[in-house]
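# Examining the three-dimensional arrangement
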Amino acid sequence: MNEDLRNVVLGVLATGVSASLGWLTRTYLWRRRLRRKQAFFGLLSGSECLLVMNRKAGSDGAAVHNVDVSALLELSALIKDCGARAHIVQHDPARQGLGDRTEFCIGGPYSNRRMAAHLSSLLPGLTMNVEPEPAADRGMFTVDGEVYRGVHGVTEYVVLARLTGGEGGRPVFLFCGQSAITNQAATRYLARHHEKLARTHGAGPFVLLLKVVNSQAYGPDVVELVSDVTRAARTSPPATAAEPAAT
């Protein structure tokens, strides 16, 4: 074998080794990223999760707002990426505990009974007004002494939360907004920022108040983080002293 042929063979071998090392490195990084994503969402390959849908506001039947369907599709893509399967149920028949399966719950308490239960039991320090009158206060959030009223299509708020409960340890994700577009904004925010959220909060709980800006022009894409209200939302408000009985 002359020197030129030997150099060619060595070059081919070096290229093959480099390509193999590059492929192994990319595969390792992809698998590590996938494992972190699965851990954050509580979704192992082949596992099953629960998607709890609300009903369309003002509807007496099982109709779902088309924007909430879009939110559902975005969550379905996340679930598929983790190698898990989604079981979709309406909020009325979703009567089961927490922790056995990861849960994604969409919609405010006025259109989703399970969301109302989650807010009451898991977020006692956060309330959402469900009274129809006055109209300006419908959907108003109150947390840590602050009030957040929305203006439809201009400035609207949504709560994005990751919480745990029950014995299984699987998380429940809440997307509780003042309108359907805010629910989708929260799902999109989670899809875009789940890696940052995992670095910040690990596998622990978080409750974020988000603001959706000018949705009538930008849809669910312009979202600002207003505050991390985890501590206040998960803390029961102090009990008020009972009034003395009249004599």
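Attention here is on the structure that accompanies the text. As the structure is a computational prediction, the values presented were derived from the model and not from experiment.

Quick notes on the rules
- Residues numbered from 1 in each chain as written.
- Predicted model: local features only at pLDDT ≥ 70, side-chain atom pairs only at ≥ 80, totals over all residues.
- Heavy atoms only, no water.
- Helix = DSSP H or I, 4+ residues; strand = E, 2+ residues; numbered from the N terminus.
- Contact = heavy atoms within 4.5 Å.
- Areas by Shrake-Rupley, 256 points an atom, 1.4 Å probe, with all protein chains shown as cover.
- Salt bridge = Lys/Arg side-chain N within 4 Å of Asp/Glu carboxyl O.
- Buried < 20%, exposed > 50% of the residue type's maximum accessible area, 1.4 Å probe, protein only.
- Axes fitted to C-alpha atoms, helices over the stretch in contact; angles between N-to-C directions.
- Parallel < 35°, antiparallel > 145°, perpendicular 65-115°, else oblique.
- Left-handed = near helix turned anticlockwise from the far one by under 90°.
- Nonpolar A, V, L, I, M, F, W, Y, C, P; charged D, E, K, R; others polar.
- Pairing = 2+ DSSP bridges.

### Considering the overall build of the protein chain
Helix and strand content of the protein chain: six helices and ten strands. Here the contacts in the protein chain between residues at least 6 apart in sequence split such that 65% fall between residues at least 24 apart. Accessible surface computed for the protein chain: about 13,700 Å², of which carbon and sulfur atoms make up 54%.

### Looking at the pattern of salt bridges
Here the structure, examined in full by the defined rule, presents nine salt bridges. Between arginine 33 and glutamate 195 there is a salt bridge, and its shortest N-O distance comes to 2.4 Å. Here arginine 33 is found in helix α1 (residues 3–41), whereas its partner glutamate 195 is found in helix α4 (residues 180–201), with 162 residues between them in sequence. You can call arginine 33 exposed: its relative accessible area is 55%.

### Some thoughts on the packing of helix α2 (residues 66–81) against α4
Where α2 meets α4, the axes come as close as 8 Å, and the angle between the chain directions of the two elements is 15 degrees. One finds that α2 runs roughly parallel with respect to α4. In this structure, α2 crosses over α4, and the sense of that crossing is left-handed. On α4, the residues that touch Val67, Asp68, Ser70, Ala71, Glu74, Leu75 and Leu78 of α2 are Ala180, Ile181, Asn183, Gln184, Thr187, Arg188, Ala191 and His194. Grouping the constituent residues of the contact of α2 with α4 by class yields seven nonpolar, five polar and three charged.

### Brief notes about the pairing of strand β9 (residues 206–213)
One face of the sheet, then the other: side chains in a regular strand alternate in exactly this way. Most of β9 is tucked away, with six of its eight residues classed as buried. Inspection of the sheet shows strand β7 (residues 155–164) paired to β9 by eight bridges, in the antiparallel sense. Looking at β9, one finds that valine 158 is bridged to leucine 210.

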